[in-house]
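Structure assessment
The lines below spell out each chain.
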Amino acid sequence: MYTQLKTELNPITAEVSATSKLFWQDYLKSNQAMVEITSETNIRTLNSFALEVFHRLYYSPDPEWLPEKPEHQWARVLHNQLSESEEFQNLTLTCAGDPLGAAIAAQSMITNLHRQLKVASGDQEIDELDTLRAKAKQAKREGDEELFQKLQAQGQAMSEAAQAFAQRLEDQEGEGIGESAEDAEGEVQEKKTSWKLWGLVGGMNRVIAIPHLPGEAKACGFD
């Protein structure tokens, strides 16, 4: 499952540093529970959103936005709600420069937000449209007008459903985000201590030992 997830770990709404991606991937290797949270869902890109939350906590609370796609509007809505949350801003101060603390906090928040997303999405499949777009372009090139029209209609329906999902999240006005951030704050010290005692952070220590990448701040250890 981790191997499948690793290939999908690309940001969808916000820029993510190479260092943040390395830390988060290494965290997932030792944490099957986090992999399951982001994999067993009808929102395929939840794992990418989790990476972005980790990056904001560890590296940069103010994201640099990527071009927005309709199927990713839900993530942008949540990012905006995080930015407006005083509790989340406090959490970024706690986790800044601390990859383990940021990872624990991100997992806690995604676990709580996953419940909110599940209620808002229902049984609806929140999926990427890239594959559908590519197929439509190919059909157009090959002159298959019937298939092109069919794919275009499917894409339009999927886009409208994704935007409706994002609107439902926006209507919730950040409900539960403050509590999620507060819960995460409480878990950071508790879990960091127990994980270190059980030796579950060795992988992240190895990543921290690598030279910092050009243009990025040097990573801070947590020992």
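For clarity, every value in this text was computed on a predicted model and none was experimentally measured. (Residues numbered from 1 in each chain as written. Predicted model: local features only at pLDDT ≥ 70, side-chain atom pairs only at ≥ 80, totals over all residues. Heavy atoms only, no water.)

**Some thoughts on the pattern of salt bridges**
- Within the structure shown, the criterion is met by four salt bridges.
- A salt bridge links R76 to E68; the shortest N-O distance between them is 3.4 Å.
- For R76, a relative accessible area of 21% translates into the label partly exposed.
- Residue E68 is classed as partly exposed on the basis of its relative accessible area, which comes to 44%. (Salt bridge = Lys/Arg side-chain N within 4 Å of Asp/Glu carboxyl O. Buried < 20%, exposed > 50% of the residue type's maximum accessible area, 1.4 Å probe, protein only.)

**Thoughts on helix α4 (residues 46-58)**
- Look at α4: 18 Å from first C-alpha to last across 13 residues, which is about the 18 Å you get at 1.5 Å a residue.
- Of all 13 residues that make up α4, 13 are buried, and the element is covered over most of its length. (Helix = DSSP H or I, 4+ residues; strand = E, 2+ residues; numbered from the N terminus. Expected span 1.5 Å × (residues − 1).)

**Some points on the packing of aromatic side chains**
- Following the criterion strictly, the structure yields seven aromatic pairs and no others.
- Relative to F165, the ring of W74 lies with its centre 6.4 Å away and its plane at 45°, an arrangement referred to as tilted. Here W74 is found in helix α5 (residues 73-83), whereas its partner F165 is found in helix α9 (residues 145-171), with 91 residues between them in sequence.
- Look at W74 and you get buried, because its relative accessible area is 0%. (Phe/Tyr/Trp six-rings, centres within 6.5 Å; stacked < 30°, edge-to-face > 60°.)

**Here's the deal with the confidence of the model for the protein**
- On average, the protein scores 80 in pLDDT, and the residues at 70 or more come to 79%.
- The least confident element of the protein is helix α1 (residues 2-7), whose mean pLDDT is 42; the most confident is helix α6 (residues 86-95), at 95.
- Every residue in residues 1-7 scores below 50 in pLDDT, and together they form 15 contacts with partners more than four places removed in sequence or on other chains.
- For the stretch residues 205-223, pLDDT sits under 50, and the model shows 34 contacts to residues farther than four places along the chain or on other chains. (pLDDT = per-residue confidence, 0-100. Contact = heavy atoms within 4.5 Å.)

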